[in-house]
Amino acid sequence: MKNKYLLVVAVVSLTTVSSFAFQGGAPPNPTPPGLPIDGFVSIILAAGAFFGVKSLRRKK
């Protein structure tokens, strides 16, 4: 009798855990509008170009 009880408990707990384990979570938040997607690479390039032109003009 004890073995049947343990078997039933094991089967129920395994099926319950496996059914909750494969559920998908909430969808990821989309990127807010207006933010650059390139990771601010364009800003870094613009700053580098600005300082490059600035240093070239000082040398002349």
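Residues numbered from 1 in each chain as written. Predicted model: local features only at pLDDT ≥ 70, side-chain atom pairs only at ≥ 80, totals over all residues. Heavy atoms only, no water.

1. Brief notes about the overall build of the protein
Definition in use: Strands are runs of DSSP state E lasting at least two residues, helices are runs of H or I lasting at least four, and both sets are numbered from the N terminus onward. Throughout this description, buried means an accessible area under 20% of the type-specific maximum (1.4 Å probe, protein chains only), exposed means over 50%, and partly exposed covers the range between.
When its secondary structure is counted, the protein shows two helices and zero strands. Counting across all 60 residues of the protein, residues that qualify as buried make up 0%.

2. Re the packing of aromatic side chains
How we decide: Two rings belonging to Phe, Tyr or Trp (six-membered ring only in the last case) form a pair when the distance between their centres is within 6.5 Å. Interplanar angles under 30 degrees mark stacking, angles over 60 mark edge-to-face geometry, and anything in between is tilted.
Taken as a whole, this structure holds one aromatic pair when the rule is applied. Between F50 and F51 the ring centres are 5.2 Å apart and the planes differ by 70 degrees, which places this aromatic pair in the edge-to-face class. Across the pair, exposure class does not vary: F50 and F51 are exposed alike.

3. As for a nonpolar patch on the surface
Under the convention used in this document: Patch definition: residues with relative accessible area over 30% and no salt bridge; like charges joined within 9 Å; nonpolar side chains (Val, Leu, Ile, Met, Phe, Trp, Tyr) joined within 5 Å. Where accessible areas are quoted, they stem from the Shrake-Rupley method and a 1.4 Å probe; at the residue level, only the protein chains shown are allowed to cover. Just to be clear on terms, a salt bridge is a Lys or Arg side-chain nitrogen sitting within 4 Å of an Asp or Glu carboxyl oxygen.
Residues Y5, L6 and V9 make up a contiguous nonpolar surface patch of roughly 320 Å² in combined accessible area. Residue position: Y5 is located in helix 1 (residues 2-21).

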